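Descriptive analysis of the structure
Letter by letter, the chains look like this.
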Amino acid sequence: MEIQYSDGRRVEQRIYELVRNSPPFSSRDQIYPSPCEWAVEYHLSPWRANLLRPFDFGGLEVLELGAGMGALSHFLAEECSHLTVVEGTRSRYAVIEERLRQFRNWEGHVGSFFELALRKKYDVVCLAGVLEYAELFIETPTPFASLLEKARLCLKEEGVLILAIENKLGLKYWLGCQEDHLPQPYAGICDYPPKPSLRTFSRNELLELLREAGFTDTQFYYPFPDYKIVRCVLSSELARLAPDLCLGLTTGSESRSYGSAARPLIPEVLAQRSVTRAGLFEEFSNSFLVLASARPEADVMGHLARRAAQGELAWSYSSNRKLPTETSFAKDSRDGSLKVSKQLISDASARERNLMGHGLSVKWKQQPPHPAERHTLLRVEMVKDAYFKTGRSLLPEFLGWVFGRFEADAAHLRGEALDTIFTNAFIREDDSFGLLDEEWELLSPLPKSWHLLRNLIALSGPNRRVYAGVVEEVSLKAAYLKLCRKFSLPPQYEADLRREAALQSLVTLTDDCEATYFSLKRNMEVKIERWSDRGPHLSLRERGTFRARERLKRYPRLFRLIKKLRPT
Ligand SMILES: C[S@@+](CC[C@H](N)C(=O)[O-])C[C@H]1O[C@@H](n2cnc3c(N)ncnc32)[C@H](O)[C@@H]1O
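Residues numbered from 1 in each chain as written. Predicted model: local features only at pLDDT ≥ 70, side-chain atom pairs only at ≥ 80, totals over all residues. Heavy atoms only, no water.

On to the site of the ligand, then. Contacts to the ligand come from 21 residues, most closely from Arg48, Gly66, Glu87, Arg92 and Ala128. Between Arg48 and the ligand, the recorded distance is 2.8 Å, taken from a side-chain N or O atom to an oxygen atom. Within the backbone of Gly66, one N or O atom sits 2.8 Å away from a nitrogen atom of the ligand. Within the complex, the protein chains bury 98% of what would otherwise be the 600 Å² of accessible surface of the ligand. When grouped by side-chain class, the residues that make up the shell around the ligand number ten nonpolar, seven polar and four charged. (Near = heavy atom within 4 Å. Polar contact = N/O pair within 3.5 Å; in protein donor to acceptor, adjacent residues only side chain to side chain. Areas by Shrake-Rupley, 256 points an atom, 1.4 Å probe, with all protein chains shown as cover. Nonpolar A, V, L, I, M, F, W, Y, C, P; charged D, E, K, R; others polar.)

A few words now on the nonpolar core. As a rule of thumb, soluble globular proteins bury nonpolar side chains together. Residues Val362, Leu378, Phe422, Leu456, Leu459 and Met524 are the most contacted members of the largest nonpolar core, which totals 60 residues. Here this core spans two domains, and each of domain 1 (9-331) and domain 2 (357-364 + 375-533) adds at least three residues to it. For Leu456, the contacting residues outside a window of four places in its chain are Leu395, Val471, Leu476, Ala479, Tyr480, Leu483 and Met524. Core analysis: the second largest hydrophobic core is formed by 49 residues, Val125, Ala134, Leu245 and Leu249 among them. (Core = buried A, V, L, I, M, F, W, Y, C linked by side-chain atoms within 4.5 Å. Buried < 20%, exposed > 50% of the residue type's maximum accessible area, 1.4 Å probe, protein only. Domains from an automatic or database assignment. Contact = heavy atoms within 4.5 Å.)

Each pocket or cavity is described by its volume, and for the second largest pocket that value is around 550 Å³. Lining of the second largest pocket is provided by 25 residues; of these, Ser393, Gly469, Val470, Val471 and Glu472 occupy positions nearest its centre. Looking at the lining of the second largest pocket, the elements with two or more residues in it are α14 (378-388), α15 (394-406) and α17 (476-486). Class assignment of the residues belonging to the lining of the second largest pocket gives a composition of twelve nonpolar, five polar and eight charged. (1 Å grid on protein atoms, 1.4 Å probe; cavity = no way out; pocket = protein on both sides within 12 Å on 5 of 7 lines; lining within 4 Å. Points joined across faces, edges and corners; volume = space filled by probe spheres on them. Helix = DSSP H or I, 4+ residues; strand = E, 2+ residues; numbered from the N terminus.)

A separate point is α17. Each turn of an α-helix holds 3.6 residues, which means side chains three or four residues apart point in the same direction. Every buried residue of α17 is accounted for by Leu476, Ala479, Tyr480, Leu483 and Cys484. Each buried residue of α17 lies within a common arc of 140° when the element is viewed along its axis, so the set occupies one face. Just beyond α17, the residue with positive phi is Ser488, at close to 50°. (Arc of directions from axis to C-beta.)

In this section: the sheet that holds strand β2 (residues 82-87). Spatially, β3-β2-β1-β4-β5-β8-β6-β7-β9-β10-β11-β14 is the arrangement adopted by the twelve strands of the open sheet, whose pairing is mixed. One side of each edge strand has no neighbouring strand; the edge strands of this open sheet are β3 (106-110) and β14 (370-371). Where strand β6 (residues 217-225) and strand β7 (residues 230-235) come together, five bridges link them in antiparallel fashion. The residue bridging Pro225 from the neighbouring strand is Val230, located in β7. Taken strand by strand, helix α6 (residues 143-153) contacts β4 (122-128) and β5 (155-166), and its axis lies near 145° from that of β5. (Pairing = 2+ DSSP bridges. Axes fitted to C-alpha atoms, helices over the stretch in contact; angles between N-to-C directions.)

What follows covers the packing of helix α16 (residues 448-457) against α17. As a packed pair, α16 and α17 sit with axes 10 Å apart at the nearest point and diverge in direction by 145°. Seen from above, α16 lies across α17 with right-handed handedness. Residues Ser449, Leu452, Leu453 and Leu456 of α16 touch α17, and the partners they reach there are Leu476, Ala479, Tyr480, Leu483 and Cys484. Of the residues belonging to the contact of α16 with α17, the class tally is eight nonpolar, one polar and no charged. (Left-handed = near helix turned anticlockwise from the far one by under 90°.)

Interface size, as often reported, equals the accessible area lost upon joining of the parts. One can read the domain layout of the protein chain as domain 1 (9-331), domain 2 (357-364 + 375-533) and domain 3 (538-568). Here the C-alpha centroids of domain 1 and domain 2 sit 34 Å apart. Contacts between the two partners involve 21 residues from domain 1, matched on the other side by 23 residues from domain 2. Both faces combined, the contact of domain 1 with domain 2 buries some 1,900 Å², and carbon together with sulfur accounts for 57% of it. For the domain 1 face of the interface with domain 2, the top three residues by lost area are Glu254, Arg321 and Lys322, together amounting to 30%. Remark: the boundary between domain 1 and domain 2 carries four salt bridges. (Buried area = accessible area lost by both parts, 1.4 Å probe. Salt bridge = Lys/Arg side-chain N within 4 Å of Asp/Glu carboxyl O.)

Another point: the pairing of β7. Of all six residues in β7, five are buried; the element is thus mostly enclosed. The antiparallel hairpin formed by β6 and β7 contains four residues in its connecting segment. Here β7 runs beside strand β9 (residues 312-318); their pairing, made up of three bridges, is antiparallel. Across the sheet, Leu234 pairs through a bridge with Ala314, a residue of β9.

Look at α17 against helix α19 (residues 513-525): their axes get within 5 Å of each other, and the N-to-C directions meet at 80°. By the angle between their axes, α17 is roughly perpendicular relative to α19. For the pair α17 and α19, contact is made by Leu476, Lys477 and Tyr480 and by Asn523, Met524 and Glu525, respectively. For the contact of α17 with α19, a count of residues per class yields three nonpolar, one polar and two charged. (Parallel < 35°, antiparallel > 145°, perpendicular 65-115°, else oblique.)

Moving on, we get to the sheet that holds strand β20 (residues 440-442). One open sheet accounts for three strands, arranged β12-β13-β20; its pairing is antiparallel. Edge strands, defined here as strands with exactly one partner in the open sheet, are β12 (354-357) and β20. Each strand axis lies, on average, 25° off the axis of its neighbour in the sheet, ignoring direction. As paired strands, β12 and strand β13 (residues 360-364) are joined by four bridges and run antiparallel to one another. What sits directly across from Leu355, in β13, is Val362.

Written out as structure tokens, the structure reads:
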């Protein structure tokens, strides 16, 4: 029998049509236009499968309970030997059927997995975003433990449960992001309404539930910013061994408050730094990913977590690219140092690593494995200066350093400077700079004014709140003009915007150069937000504007048109 669960009939129908009308696609592809409603992104985003990418599913038989619209099933079908999915609603199962139409290694069932008698046993049971609903669907005295026990009974003796769920004490919720399921402010931190309710757990509570259900061996991982849109996955060992690296990996973008306008009230990166330095990184992680087995040192655990067993401690992803990448951080068994390796996830040939179009040519450079950088990230120091209004301006200092190092002539840098953005830099104790991640090269000289603009663009868009107040001027355009004056460069504002739009259309999944140009222009010209502008609550007007924008996103073409005409 079907269960009652829906994101809304209209949006679920839209997702079905998007999938049905797409030619067969992979878990790395994005088939929807951005911006879009959160439900569309949740079910179809290529960032979702990053949750499971660090694990080896080759040759394994996997059961996924509560598979939704197949965001993870898609990746599992690509990787494992056989996949069985169980989904409670017919409408969602129909999306999975369309999505997996090119695969022959899967089968599925519609209905409550509690009522389903599965005779087979599996190597892996996957439970992502499902445990929190147990109290609503299961009538036993301990519904959460019962659900975990049900999962355990589906496993072979040596099998492994993969569990993904939010942390009710996740840092983002303390900072003001709304609990992901309930409307009351701080619902998780306030320990949820009385039974029956939807419920997530702290790390210790989750560990206790798993033990109660018979799982004696557990490995905890930390997906960031959460288990839904996964930019990186960190192991417990990394948290203990290299907290500074944890900070660098987890604070590249601000956490999102899904489906509400709430947002962190203070710089998340600074709060994360305090929590990490206090040794509380694992307790405050926004989500958990747990591998759990009823047997210590089970074979399947060794197989799944092969890369972790070989010393890999963290994995970070760029999924918004035509050439998506994975960066892994591994411990050197000889001296315990940490090494970084970056590789393409797709099997692009050497020729495809040169991208050409819109009058530009860029090359993706394979870097050899190198030691992980342990100095303070420049972006963290910049946020600190902005929040405490120290008056120090590190950005112009950094740009002056880059100009000195990569100068080709009075107006140009060498093309290899393309990636020398402040987000890819660190600062030493003696205030000298260093570079982290130079992966792209422009195959022609790089205009210095464009390079200034590129650094300012990195302060905008989804990152504008992270970097609130880093620039003192009223807008990034005003900051651009001031920096051009400082470095005696003739401003080429329109031409630089066009160059940046061309580069982004070439490298990222957004192909529409014209729309990218308008979006960048808007980001450069909007009034810069400051920390002091933020109140503890949103005004009624702000709330109204947010709701109207969300509604408008259901009509992406109209939304883009209005954004072009009325930048806000
Ligand atoms: C938040 S969604 C997660 C979907 C999917 N695991 C993912 O990560 O995209 C929860 C899903 O679990 C399904 N579900 C919840 N309880 C269930 C049950 N007892 N039997 C079958 N499906 C269930 C719901 O229908 C829904 O699709």
